[in-house]
Amino acid sequence: MLIIYTFFTEVLGYFIKYNDQFLFFSDDRYAWHNVIIYNIYQLIFFLFFYRVYQRTLKKASHKTWVKYGSYLCILAYVIDSIIYNPLHNRLSHAHIVGSVILIFILILYFLEKKSEESLYPQKHNLLFWVSMGLFAFYFVFPLVLIFGNVSIDLQFYFRRTLLSLIGIMYGCFIIGLLVGKRQAFR
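Reading the values: rules and limits
Each chain has its residues counted from 1, running along the sequence as written. Reporting in this predicted model follows two pLDDT cut-offs: at least 70 for local features of residues, and 80 or more for side-chain atom pairs to be given and counted; totals over whole chains, interfaces and linings ignore these cut-offs and use all residues. Calculation of side-chain values draws on the structure's entire complement of heavy atoms; hydrogens and water are dropped beforehand. Stacked, tilted and edge-to-face are the three classes assigned to paired rings of Phe, Tyr and Trp, where Trp is represented by its six-membered ring and a pair needs centres within 6.5 Å; plane angles under 30 degrees give stacked, over 60 edge-to-face, the rest tilted. Per the convention used, a helix needs a DSSP run of H or I reaching at least four residues, while a strand needs a run of E reaching at least two, with both numbered from the N terminus. Using a 1.4 Å probe on the protein chains alone, a residue whose accessible area is under 20% of its type maximum counts as buried, one over 50% counts as exposed, and one in between counts as partly exposed. Lysine NZ or arginine CZ positioned within 6 Å of the ring centre and within 35 degrees of the ring normal marks a charge as sitting over the ring. What we call a nonpolar core is a set of buried Ala, Val, Leu, Ile, Met, Phe, Trp, Tyr and Cys residues that are connected through their side-chain atoms within 4.5 Å. The angle between two axes is taken between their N-to-C directions and runs from 0 to 180 degrees, where each axis is a line fitted to C-alpha atoms and a helix contributes only its stretch in contact. Angle categories: roughly parallel below 35 degrees, roughly antiparallel above 145, roughly perpendicular from 65 to 115, and oblique for all the rest. Helix crossings get a hand from a simple test, with the near helix turned counterclockwise from the far one by less than a right angle marking a left-handed crossing and a clockwise turn marking a right-handed one. The criterion used for residue contact is that any of the two residues' heavy atoms lie within 4.5 Å. Throughout, the ten residues Ala, Val, Leu, Ile, Met, Phe, Trp, Tyr, Cys and Pro are labelled nonpolar, Asp, Glu, Lys and Arg are labelled charged, and all others, Gly among them, are labelled polar. In protein, a polar contact requires one atom able to donate a hydrogen and another able to accept it; more generally it is a pair of N or O atoms within 3.5 Å, and residues adjacent in sequence count only if both atoms are side-chain atoms. Take a side-chain nitrogen of Lys or Arg and a carboxyl oxygen of Asp or Glu: if they are within 4 Å of each other, that pair is a salt bridge. By definition, no residue in a patch forms a salt bridge, and every one has over 30% relative accessible area; like charges are joined within 9 Å, nonpolar side chains (Val, Leu, Ile, Met, Phe, Trp, Tyr) within 5 Å. Each accessible area value is a Shrake-Rupley result obtained with a 1.4 Å probe; residue values ignore everything except the protein chains displayed when judging cover. Expected helix span is taken as 1.5 Å per residue step, with the number of steps being one fewer than the number of residues. To get the bend at a residue, fit one axis to the 7 residues ending there and another to the 7 starting there, then take the angle between the axes.

Provide a residue-level description of the packing of aromatic side chains, including the pertinent values.
This structure, assessed with the given rule, holds 19 aromatic pairs. Ring plane angle 75° and centroid distance 6.1 Å describe the contact between phenylalanine 110 and phenylalanine 135, whose orientation is recorded as edge-to-face. Taken together, the residues phenylalanine 110 in helix 4 (residues 92-115) and phenylalanine 135 in helix 5 (residues 126-147) connect sequence positions 25 residues apart. You can call phenylalanine 135 partly exposed: its relative accessible area is 26%. The ring of tyrosine 68 has lysine 67 lying over it, and the distance from NZ or CZ to the ring centre is 5.5 Å.

Explain the nonpolar core to me, and be specific about the residues and the numbers.
With 36 residues, the main nonpolar core has Phe49, Tyr50, Tyr53, Leu102, Leu134 and Tyr138 as its most contacted residues. For this core, the elements supplying multiple residues, two or more each, are helix 2 (35-56), helix 3 (60-83), helix 4, helix 5 and helix 6 (152-179).

Can you lay out the environment of phenylalanine 137 for me, pointing to particular residues and giving the numbers?
Residue placement: phenylalanine 137 occurs in helix 5. We classify phenylalanine 137 as buried; its relative accessible area is 6%.

So, the packing of helix 2 against helix 5: which residues are in play, and what are the values?
One can describe the packing of helix 2 onto helix 5 by two numbers: an axis separation of 13 Å at closest approach and a directional angle of 135°. By the angle class used here, helix 2 and helix 5 are oblique. Every pair of crossing elements has a handedness; the one defined by helix 2 and helix 5 is left-handed. For the pair helix 2 and helix 5, contact is made by Gln42, Phe45, Phe46, Phe49, Val52, Tyr53 and Thr56 and by Leu127, Val130, Ser131, Leu134 and Tyr138, respectively. The residue inventory of the contact of helix 2 with helix 5, partitioned by class, reads nine nonpolar, three polar and no charged.

Lay out the environment of leucine 106 in plain terms, naming residues and giving numbers.
Take leucine 106: it is sitting in helix 4. Under the relative-accessibility criterion, leucine 106 is labelled buried at 0%. With 25 residues separating them in the primary sequence, leucine 106 and serine 131 have C-alpha atoms 6.5 Å apart. With residues near it in sequence (within four places) discarded, leucine 106 still touches Tyr53, Ser131, Leu134 and Phe135.

Lay out the environment of aspartate 80 with the relevant residues and their values.
Tracing the chain through its elements places aspartate 80 in helix 3. Excluding residues within four positions of it along the chain, aspartate 80 makes contact with Leu91, Ser92, His93 and Ala94. Here histidine 93 takes part through its backbone nitrogen, which lies 3.2 Å from a polar atom of the side chain of aspartate 80.

With reference to specific residues and values, describe the pattern of salt bridges.
When the charged atoms of two side chains with opposite charge come close together, those side chains can pair. Taken as a whole and assessed by the stated rule, the structure comprises one salt bridge. The partner of glutamate 116 in a salt bridge is lysine 113, and the shortest N-O contact between them spans 2.7 Å. On the basis of relative accessible area, glutamate 116 is assigned to the partly exposed category, the value being 22%.

For a nonpolar patch on the surface, give the residues involved together with the corresponding values.
Judged by side-chain polarity, Leu72, Ile74, Leu75, Val78, Ile79, Ile82, Ile83 and Tyr84 come together as a nonpolar surface patch covering roughly 750 Å² of accessible area. Position of isoleucine 82 among the secondary structure elements: in helix 3.

I'd love a proper account of helix 5, names of residues and values included.
The end-to-end C-alpha distance of helix 5 is 32 Å, a good match for the 32 Å that 22 residues give at a rise of 1.5 Å each. The largest bend along helix 5 measures about 25° and falls at phenylalanine 141, with the proline proline 142 one to four residues further on. Looking only at helix 5, the buried set comprises Leu127, Phe128, Val130, Ser131, Gly133, Leu134, Phe137, Tyr138, Phe141, Pro142, Val144 and Leu145. Two to three positions downstream of the cap, the backbone nitrogen of leucine 127 sits 3.0 Å from a side-chain oxygen, assigning the N-cap of helix 5 to asparagine 125.

Encoded structure:
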């Protein structure tokens, strides 16, 4: 479902930006603004994975931290939406908070996986590959958001870096889908 949602978000974002028939706003100054769908997408993306890891983690304290991390992420999006108009501005501060929380949750997951004994090697665990991809992308994503508005040269460099990391993340997802076995999932 998440892959389909991601695909349709990207298609809708493309059409809004490059096709005059798809508009959120009648004002021509904002006709190409598609940032709202990405703000919503990012929040849903974070909350989806927080829920997956909350259900996957075994330690009760880790589950509690994920729950509070979810609340903190929602609060960050609400506050950022009050400060910046989410219809026209990227909610960078909220994205950074969500990314840091996700990285923290991923570290908890990796620590549990390291201490857990399993009959199956990690290479057959879909969630392990998804976690690797998420970690690769979201470890750098907040830095791109923080430093990406510095200069045009850095924006170009960070854009290439971001696209490369997106490729790595989805590559890990695909590897997990190809080599994953249901019995190894956790």
